[in-house]
Amino acid sequence: MRLSALLALAAKVNLPPNYRYGMSKPGSMADKRRNPPWKRQRPVLVEPIPEDSWNVFCGDIVEILEGKDAGKQGKVVQIIRERNWVVLEGLNTHFRYIGRSKDYRGTMIPSEAPLLFRQVKLVDPTDRKPTEVQWRFTEEGERVRVSLRTGRIIPKPEFPRPDGIVPEQWIDGPKDTSVEDALERTYVPCLKTLGEEVMEAMGIVETRRHRKVYWY
Amino acid sequence: MAAGRLITVCRGFATALKGPGRFTFSLLNKIRANINPFHQYKLIHTTLSRKGLEEFFDDPKNWGAETVKSGAAWTHEQLRCKSNEDLHKLWYVLLKERNMLLTLEQEAKRQRLPMPSPERLEKVTESMDALDKVVQERDDALRLLQTGQEYPRPGDWRKDIFGHIIWYKYKQWPIPWYLNKRYTKKKYFTMPFVDKFVRLRLEKYLRSETKKKNLKRRKEKILQRKFPHMSAEAQN
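Please read all numbers here as calculations on a predicted model, not as lab measurements. (Residues numbered from 1 in each chain as written. Chains lettered and ligands numbered in written order. Predicted model: local features only at pLDDT ≥ 70, side-chain atom pairs only at ≥ 80, totals over all residues. Heavy atoms only, no water.)

So, about helix 4 (residues 194–202) of chain A. Residues and elements named next belong to chain A. The set of residues buried in helix 4 consists of L194, E197, V198 and M202. Down the axis of helix 4, the buried side of the element spans an arc of 125°, and every buried residue falls inside it. In the segment just after helix 4, G203 is the residue with positive phi, at about 70°. (Buried < 20%, exposed > 50% of the residue type's maximum accessible area, 1.4 Å probe, protein only. Helix = DSSP H or I, 4+ residues; strand = E, 2+ residues; numbered from the N terminus. Arc of directions from axis to C-beta.)

Pasting the structure below:
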């Protein structure tokens, strides 16, 4: 069983110490092209925002405070936490060509540039203006974001999962265990190891005597 | 077209299996006869199958597919609710699935094609690691209750010849230590002339710790200069 831990170590992605996170996913071809293993750059200064203070999630409506599209509101599509980046849909775009070949110049598409966490602000759903937001606890004990100006709770937005699965429409495949079977509790605590219990259940009787060994 | 080549290889494998005849392990059958197959596992995965090697391959319906649908991995909480027999059976189900996915991965590499749905392998690996962790927890709890020992394998803090204090893990030997030539040749003590080097090593370690602390302080100062509102928020 310890082999599984060894294999897990080998499979983990190793990034160099001052790795610069970009728009591409680390380990992808584009990222390997941009950041080859011998590349050494000065690290980027990133403001250390604690996990508790992070307000913005994928699917939120936020307003841009500064930049080319200042004052516009948009939906958050991607968050890159390592650089405190927020990518909005269709806003703060520059243009680039895609599908270039030797003779063809390619099609021009607008591609979004990331914005910093400090350059966007959450929008209050009631009056659709940017507000300061605080994390507070409800009566039930749920941790929610509360707009400071109006006092309205901003719920966590729905965002489709990256693997494209919609939990409500899921149908179990042939190799999937059903929900009831997976949640069924069959554990009865008793003073036996897994080995002993399984041997009893399978009717295996160990008649071999263990040879005396010295431990040192 | 590219996927079709993978199908032909899989078919080739299957026909090769059926050709020379089935081989069954008699001992394995004895153990299999005692297990009651679980009602929730479909027939392809019950242990009463006699054609062993077909389990290294996926359901023939999925051969040549670009993606295969799969559910989520088993979580720690779900596994903690299961009895030891359930976990034992689940381990082997997951193991066979993992072997099948690894075979598929290797075959895809050989054919230089993308593996259909590689996240299945990650999910199975995650489930098996979670299962291992749960079994370890139960074992640790029992051992602590019955004997009070923290670790499954006995060990000791010892000094080696270089002055390092190491956790020496005991080994199993057929003869006592005073008769064991290989064991007595290894020295688990430090001679006095090594003390000087121990002190030098300690100084080096302290120097590196101070350097790390100073570096951290310098980095903090730079961050404060660049993000002045950070300290105001930290106070709030």
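On the surface, a cluster of nonpolar side chains totalling about 500 Å² of accessible area is made up of Y151, W157, I165 and W167 of chain B. Inspection of the secondary structure puts I165 of chain B in strand 2 (residues 165–169). (Patch = residues over 30% accessible without salt bridge, like charges linked within 9 Å, V, L, I, M, F, W, Y side chains within 5 Å. Areas by Shrake-Rupley, 256 points an atom, 1.4 Å probe, with all protein chains shown as cover. Salt bridge = Lys/Arg side-chain N within 4 Å of Asp/Glu carboxyl O.)

Before going further, it helps to spend a moment on the pairing of strand 2 (residues 73–80) of chain A. Residues and elements named next belong to chain A. Bridging between strand 1 (residues 61–64) and strand 2 involves 3 bridges; their strand directions are antiparallel. Looking across to strand 2, one finds that E63 is bridged to Q73. Both strand 2 and strand 3 (residues 85–88) contribute to a ladder of 4 bridges, which runs antiparallel. Its bridge partner being in strand 3, Q78 is matched across the sheet by V87. Hairpin geometry of strand 2 and strand 3 is characterised by an intervening segment of 4 residues between the two adjacent antiparallel strands and by a positive phi of about 55° at N84. (Pairing = 2+ DSSP bridges.)

It is worth spelling out a positive patch on the surface at this point. Residues and elements named next belong to chain B. A cluster of like positive charges, contributed by R153, K169, K171, K181, R182, K185 and K186, occupies part of the molecular surface. Considering each element in turn, the positive patch owes the most residues, 3 residues, to helix 6 (residues 181–185). Assignment of secondary structure puts K186 in the loop between helix 6 and helix 7 (195–226). (Lys, Arg positive; Asp, Glu negative; His and termini not counted. Charge placed at Lys NZ, Arg CZ, Asp CG, Glu CD.)

Another aspect to go through is the interface of chain A and chain B. Contact with chain A, which involves 35 residues of that partner, is made by 54 residues of chain B. Across the chain A to chain B interface the summed buried area is about 4,200 Å²; carbon plus sulfur atoms make up 60%. Linking chain A to chain B there are 2 salt bridges. The partner of K175 of chain A in a salt bridge is D58 of chain B, with the nearest N and O atoms 2.9 Å apart. (Contact = heavy atoms within 4.5 Å. Buried area = accessible area lost by both parts, 1.4 Å probe.)

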